[in-house]
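# Structure at a glance
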Amino acid sequence: MNVRNLKAAALVAALGLAASVAVAADEERLPWGAIKAGNKEGTIPAYTGGLPDTTSPPGFKKDSGFWPDPFADDKPLYKITGANVDQYADKLSEGTKALLKRFPTYSVSVYPTRRSVAYPDWVIENMKKNAANPNCKMIKDGLGVEGCFGGTPFPNPKNGKEAIWNMLLAYNKGYSSWTYGDGWYVDSKGNKAMTAQVNNRFQSEYYNPNITAEQFYADGGFYYGQSNVYSGPARSVGEGNLLKKYLDGRPDRQWSYSPGQRRVRQSPDTAYDFPVATSGGVMLYDEIYLFGGQMDRFDWKLVGMQEMIIPYNAWRWTDTPSKEMLMDQHPNPDVMRWELHRVWVVEATLKEGARHVRHKRRYYIDEDSGGGVMDGWDAAGKLSVAIYSPINPIYDKKIARSASSWYYDFNTGVYYHSSLGADRKKGEYYNFDKVDASFYTPEGFARRTAR
Amino acid sequence: MEESQSVRRGAGAALAVALAVGSAPTLAFTIDSGSSDVTMSLDTTVRYNAIQRLERREKGLYSAANDESQRFADKGDLALSRLDIFSEFDLNVRNLVGARISAAAWYDTNFPNKVNRDKSLPAAQANFPGGRWPDQTERYYEGPSGEFMDVFGWANINIGSTTLNVKAGRFVWLPGEFLISNGSSFTYGMAPNDGLKTSLSPGASAKETGLPIGQLGLIWQLTPELTLMGQYVAEFRASRLDEGGTFFSAADGGNALHAPFLAAGVPRRDAREGDRGDVGVGIKWMPDMLKGDAVSFWYRKFDDKNPSWANQVFINGGVPEAHAVYAKDIELYGLTYNGGWGAWSIGAEVNYRKNMPLASTGQYSNLPIPGMSRDLSLYGARGNTWHALLSAVSTLNHNMLFDSGSLVMQLDYMRLDKVTDNKALFNGDMSDVAGRCENNEVLRGCGTRDALSAAVNFTPTWQQALPSVDISMPMLFMYGLKGNPAAANAGVLPKESWQFRIGARLEYLSGAYKHQFELTYGTRDGKKGKLPGAAVNSYSGLANFRDRDYINFTYSTAF
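Residues numbered from 1 in each chain as written. Chains lettered and ligands numbered in written order. Predicted model: local features only at pLDDT ≥ 70, side-chain atom pairs only at ≥ 80, totals over all residues. Heavy atoms only, no water.

### With respect to the overall build of chain A
Scanning chain A from N- to C-terminus turns up eight helices and 18 strands. Since a compact globule built from 451 residues should have a radius of gyration of about 22 Å, the 21 Å found for chain A is in line with a globular shape. C-alpha extents for chain A along the principal axes are approximately 65 × 55 × 55 Å. Taken over 451 residues, chain A has a buried fraction of 64%. Nonlocal contacts in chain A, meaning residues at least 24 apart in sequence, comprise 67% of its contacts between residues at least 6 apart. (Helix = DSSP H or I, 4+ residues; strand = E, 2+ residues; numbered from the N terminus. Rg over C-alpha atoms; globule rule 2.2 N^0.38 Å. Buried < 20%, exposed > 50% of the residue type's maximum accessible area, 1.4 Å probe, protein only. Contact = heavy atoms within 4.5 Å.)

Set out below in structure tokens:
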């Protein structure tokens, strides 16, 4: 830790978060709204195009479902632990600081910042179109979006809700994906439970390169289709669920399959702070992928930008099996790569009279992608949750992947990994194929499980 | 017969045990076939149940007609100590073709060797001469025994832009909107029901409580919005009901299809069963304007899987004998809706059934009876009926009392439109038989024109109440609001009959396992009272179980 950083930390601490937001308005921006230049200290480099789609580190095999770490030779610049956390206080989320103070075994290894995210040309073109299109806007008080298509909708977000929509519509899973992940939680005593083995299919017509914005919105704006079929644990094999989200502001629709009766029924509207059953009570329905619900119960404020140390370029983390990943009280810090990046800071405060277990949330969203970090506080103002959605680009397809998250619950000491893919070694497949429209119907869904 | 049955029994049990033991070392596994195109999985559920009776016998519920059932377990006695194993094997080739086999095995170490008859009653009134259990009872209650459940193959076939899903073999398919019971659903009788599993193995999933029936099932999705469905059933299988002489049946012989005697001097003979050949066709429509909601229409023609006239007494030249009759050729027109309403998921159904078997009564002889039509031995009273259900599910978010909760509700309604055949056998006022059901219809067990009942299932949950332990408190309450259903198995509770269950469930998770422990208290009651001029009480519906409160312990896990 050098003196300059210390001074900066002290300054930020004195002025509060707002001080760190000072960014020159005429700063050159990238099509998705990120600042092109590096920082003054040189600890964040200027953006130079990200990883090219020709990136091919040793061991890389196209369409194998695995992406070796192209920065495997990088060495950490420094390591933050509970002992020196205060020196980096202005660059860490409240959750990260609390974890470092709570566990002497926990650490944050900071690597050189690599702005690895890149987007396909057609997505970049769409981002520019969205920025220039006055009809690309939120509707129904932020419940939906219209006019925007195929790229970051609001490269110059004017408020918190627009910044959240940038995250919800980020190109972080491509147009379609097949992924195979296992959900694990670890309780405060170190007991580990594998609660779900999911075969996940995702598709977003928002990123369908073969349709126009008009065609997309004519169908209501089907931007999120997801089908999960369980292949484990034994008690859950053959169960499944289907989720459809539209941009026109209609409520999300979910269906579930009942083994034995072989029927698909619409599920009740599980939303807001309903805990996901497989998460050990840690993950709430509107916290899937940092945020995955409706914004109506909170007031959203775009605080600005700041520099923050967040999980980034964490391919090794993605490839770590559960045995090595899951330590008794926290995930294995040695497999995680952290970097200093600029993040959009969005604060959500529970509206007067509205009900939710989180009374305040602060999102730190990576300027180059939709991944990032969240802190959540309860009614008493106590830090209750930390969420991390690391960014590990699918470099050969230029997808800013942040498709898996982990959660720490400060009240119960339980932590949860939503999707560990390394145990089954089945890989992840992005923009691999297209399914027909009946795939995301109850019948199409029922065809994929016979139990 | 005896021998072949025991061989069959042995084979089934051996299979389930072999599947279970075979899978134990590797646990639940997805077999690595070396090809990502082929997946296989084998999973096994193990469940132990114990049930203890908590209440003393009620005098009015003790007679020659239910002495054996009452004496099966006295207050404080174990009524059940049973192990169930259920194994499932699935094969899937690229979601294009596949097969599934499941098998069940069970053993109740507590089951008595002999029927416990009241020896102070005349021997002639015994429902079980010699105190021997019928084979059926011994096999399904005591075991050790087993059977195959699902055995079918399936394929997804692309025809142009459409996809046809075909299933052939033994399986259960119940695509209705019911959540608690399907008596009011258009799916009534699409597959028989294993009522024994429901009673004897609390905690059994729908995969175990439905009885697979040999059929061809087609789901042909023409467009994302429009789907055609069809069913052809290639065999007859009857639902299983609680057997007489056990804790789970109110009566020794009545409605208990394998007790040798229905009543003193009335032996039970082979049931008059239905035939193969049920057909059903349906169309489901999910138009864009409904935003995810769906409506469907079904036509079915089928034979009843439940005994629609369980206690038919046939006077054959002066000698009475009893038969259970399964009604044939019921026609059904059904409409369903599934969708969302605010935070609720809603299901609704209305169906009209022609030639529906009605609650039938009395005896008949092989002599012609004026005013009766058709073959009495097969028909009983028939009529046209309306059935409707409304089901709803909602979730409750975190509040002061619990972390999360689920609420499941179902309303069941039936209405007798008209009696079409054998009116004189209808056990109701509309039979026009002088004096029958002229008052106290519910207490007399008479079918009424309308019947309505409600069921609510509420489960609050406390997640991580202890490390890796979720605690929940499932509660079930069912109540008859109006009348007594005119159709025998309409799935509507008689007025004032009710059932309440409350449990404490503890789920401990470790690795890929969940160990689930549950303690449940159950109680039932119904309308009870003296009919005009009667010296003793009459009991209707669940009042027959009002002295059988119980406590049930369940442990289950899967690997």
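### What about the confidence of the model for chain A?
Averaged over all residues, the pLDDT of chain A is 91; the fraction at 70 or higher stands at 94%. Note that pLDDT drops below 50 for residues 1-22 of chain A; the model gives that stretch 18 contacts with residues more than four away or on any other chain. (pLDDT = per-residue confidence, 0-100.)

### Focus on the confidence of the model for chain B
Residues and elements named next belong to chain B. Confidence in the prediction for chain B averages 89 pLDDT; 91% of positions are at 70 or higher. Within the model, pLDDT remains below 50 along residues 1-27, and this stretch shows 37 contacts once partners closer than five positions in the same chain are excluded. Taken together, the chains of this predicted complex give a pTM of 0.89 and an interface ipTM of 0.87.

### Section: the state of the cysteines
Within this structure, the stated rule accounts for two disulfides over all chains. Across the disulfide from Cys136(A) sits Cys148(A); the S-S distance is 2.0 Å. Residues Cys136(A) and Cys148(A) are joined through a disulfide that is right-handed, its torsion about the S-S bond being 100 degrees. One end of the pair, Cys136(A), is in the loop between helix 3 (121-132) and strand 3 (137-139); the other, Cys148(A), is in the loop between strand 4 (144-146) and helix 4 (160-168), with twelve residues separating them in the sequence. In this structure Cys136(A) comes out as buried when scored by relative accessible area, which is 8%. Note that Cys437(B) is cross-linked by a disulfide to Cys446(B), the S-S spacing being 2.0 Å. Because the torsion about its S-S bond is -85 degrees, the bridge between Cys437(B) and Cys446(B) counts as left-handed. Each member of the pair, Cys437(B) together with Cys446(B), is buried. (Disulfide = S-S within 2.5 Å.)

### Overview of the interface of chain A and chain B
At the junction of the two partners, chain A supplies 53 residues and chain B supplies 71 residues. Both sides of the chain A and chain B interface together cover about 4,800 Å² of buried area, and 49% of this is carbon and sulfur. The tally of links from chain A across to chain B stands at seven salt bridges. A salt bridge links Arg265(A) to Glu177(B); the shortest N-O distance between them is 3.3 Å. For the pair chain A and chain B, the number of links is 33 residue pairs in polar contact (both at pLDDT 80 or more). At the level of secondary structure, the elements contributing two or more residues to the side of chain A that touches chain B comprise strand 6 (192-203), strand 9 (253-258), strand 10 (263-266) and helix 8 (442-446) of chain A. Classifying every residue of the side of chain A that touches chain B by side-chain character gives 21 nonpolar, 14 polar and 18 charged. (Buried area = accessible area lost by both parts, 1.4 Å probe. Salt bridge = Lys/Arg side-chain N within 4 Å of Asp/Glu carboxyl O. Polar contact = N/O pair within 3.5 Å; in protein donor to acceptor, adjacent residues only side chain to side chain. Nonpolar A, V, L, I, M, F, W, Y, C, P; charged D, E, K, R; others polar.)

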